Amino acid sequence: MALGGTAKKLQKVAEMAEDVYKKLNELREQVVEVRETVNETKSRVDRLEAENAEQRAILEAIAEEQGVDLDAAIAQAHISEAEEGSAGDETEPTADATDADADASSDTTDEA
């Protein structure tokens, strides 16, 4: 009787080991998939960063040619974003913001 109980216990341990082995293989496959996804994402990010740098260089050249103060334009954009963020739930720009945007765009077009 003792041998029968031991055999059942060994069978149970063997089944548990098989389950663990299956789960380990599943995890290994998931890790491989995650690595592939990370590598693909890194490639995309690298490509987008290169494109962004190219576009920035083009915009800087155009801005310089047109006499636009790029730093001032960037600062104004950041100020506008901050004002919109602090406005909370407002979806429509205020009259002051619209006037400021119109003034800013007319300043850049007047210089051209």
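Just so it is clear, the structure is predicted and the values come from calculations on it, not from any experiment. (Residues numbered from 1 in each chain as written. Predicted model: local features only at pLDDT ≥ 70, side-chain atom pairs only at ≥ 80, totals over all residues. Heavy atoms only, no water.)

Peer 1: So what about helix α2 (residues 70–86)? Which residues, and what values?
Peer 2: For α2, built from 17 residues, the straight-helix expectation of 24 Å at 1.5 Å per residue is met to within 8% by its first-to-last C-alpha distance of 24 Å. Two or three places before D71, at the opening of α2, D69 has a side-chain oxygen 3.3 Å from that residue's backbone nitrogen. (Helix = DSSP H or I, 4+ residues; strand = E, 2+ residues; numbered from the N terminus. Expected span 1.5 Å × (residues − 1). Polar contact = N/O pair within 3.5 Å; in protein donor to acceptor, adjacent residues only side chain to side chain.)

Peer 1: Report on the pattern of salt bridges, specifying residues and quantitative values.
Peer 2: If you walk through the whole model with that rule in mind, you get two salt bridges. For the salt bridge of K42 with D46, the shortest nitrogen-to-oxygen distance reads 2.8 Å. Within this pair, K42 and its partner D46 are both found in helix α1 (residues 2–66), separated by four residues, close to a single helical turn. The salt bridge partner of E60 is R56, with a shortest N-O separation of 3.0 Å. Taken together, the positions of E60 and R56, both in helix α1 and four residues apart, correspond to about one turn of that helix. (Salt bridge = Lys/Arg side-chain N within 4 Å of Asp/Glu carboxyl O.)

Peer 1: Summarise the confidence of the model for the chain; cite the residues concerned and give the values.
Peer 2: Predicted confidence across the chain gives a mean pLDDT of 83, with 76% of residues reaching 70 or more. Ranking the elements of the chain by mean pLDDT puts helix α3 (residues 95–111) last, at 48, and α1 first, at 95. Here residues 102–112 scores under 50 on pLDDT; set against residues more than four positions off or in separate chains, the count is five contacts. (pLDDT = per-residue confidence, 0-100. Contact = heavy atoms within 4.5 Å.)

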